[in-house]
Amino acid sequence: MMDQFMTNPFLFASRCMGGGLRRSWDAKETEDALNLRIDMPGLGKEDVKVSVEQNTLIIKGKSAKKSEDEDSSGKYTNRINLPEKIYKMDQIKAEMKNGVGVLKVLVPKIKEEEKSNVIQVQID
């Protein structure tokens, strides 16, 4: 199972989410970024929160509206573990257009030339 996580952590995350209603989401990785697309029908921009805690992308949504359609109401929570030496956690961007119910998240990658195991220390 660990090998499967290392080769595709997003597939692992989608299979290991516990409880709650599962929503449709898609992850596409390019040379420059990880692009996530999460279907959140019935939720508006004001109903969704995106945060990062200890290299974990947390996406939460809660509908304040009561609806007869169970798929478009209630709570949504998803956690995706992101390797810290691959992605720029402080530059994540999210976009959601009201009325569409689709959240798009862009997680930029650290470019090869930006990676460094050497940290220069200032001498005073």
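Everything discussed here concerns the structure shown above.
In this text the structure is predicted, and so the values were computed from the model without any measurement.

(A) Looking closely at the pattern of salt bridges. In this structure the tally under the stated criterion is three salt bridges. Residue glutamate 29 is joined to lysine 109 by a salt bridge in which the shortest nitrogen-to-oxygen separation is 3.2 Å. Taken together, the residues span a long stretch of sequence, with glutamate 29 in strand β1 (residues 25–29) and lysine 109 in the segment after β7 (102–108) at a distance of 80 residues. Among the residues examined, lysine 109 registers a relative accessible area of 17% and is labelled buried. The partner of arginine 37 in a salt bridge is aspartate 39, with the nearest N and O atoms 2.7 Å apart.

(B) Local environment of the sheet that holds β7. The strand order β1-β2-β7-β6 describes an open sheet built from four strands, whose pairing is antiparallel. Two strands lie at the open edges of the sheet, namely β1 and β6 (93–96), each paired on one side alone. Geometrically, the sheet is characterised by an average inter-axis angle of 15 degrees between neighbouring strands, direction not taken into account. Pairing of β1 with strand β2 (residues 33–39) involves five bridges; the strand directions are antiparallel. In the sheet register, lysine 28 faces β2, and the bridge partner there is asparagine 35.

(C) Looking closely at the pairing of β7. When you tally the buried positions in β7, you get five out of seven residues, the bulk of the element. Direction of pairing for β2 relative to β7: antiparallel, over a ladder of seven bridges. Paired with aspartate 39 across the bridge in β7 is valine 102. The pairing of β6 with β7 spans four bridges and is antiparallel. The partner of methionine 96 across the bridge, within β7, is leucine 103. Counting the residues that bridge the hairpin from β6 to β7 gives five residues, and of these glycine 99 lies at a positive phi of roughly 90 degrees.

(D) Structural view of the sheet that holds strand β5 (residues 75–81). Ordered in space as β3-β4-β5, the three strands form an open sheet in which the pairing is antiparallel. In this open sheet, the two edge strands, each paired with only one partner strand, are β3 (48–53) and β5. The sheet shows a mean angle of 15 degrees between the axes of neighbouring strands, taken without regard to direction.

Reading the values: rules and limits
- Residues numbered from 1 in each chain as written.
- Predicted model: local features only at pLDDT ≥ 70, side-chain atom pairs only at ≥ 80, totals over all residues.
- Heavy atoms only, no water.
- Salt bridge = Lys/Arg side-chain N within 4 Å of Asp/Glu carboxyl O.
- Helix = DSSP H or I, 4+ residues; strand = E, 2+ residues; numbered from the N terminus.
- Buried < 20%, exposed > 50% of the residue type's maximum accessible area, 1.4 Å probe, protein only.
- Pairing = 2+ DSSP bridges.
- Axes fitted to C-alpha atoms, helices over the stretch in contact; angles between N-to-C directions.

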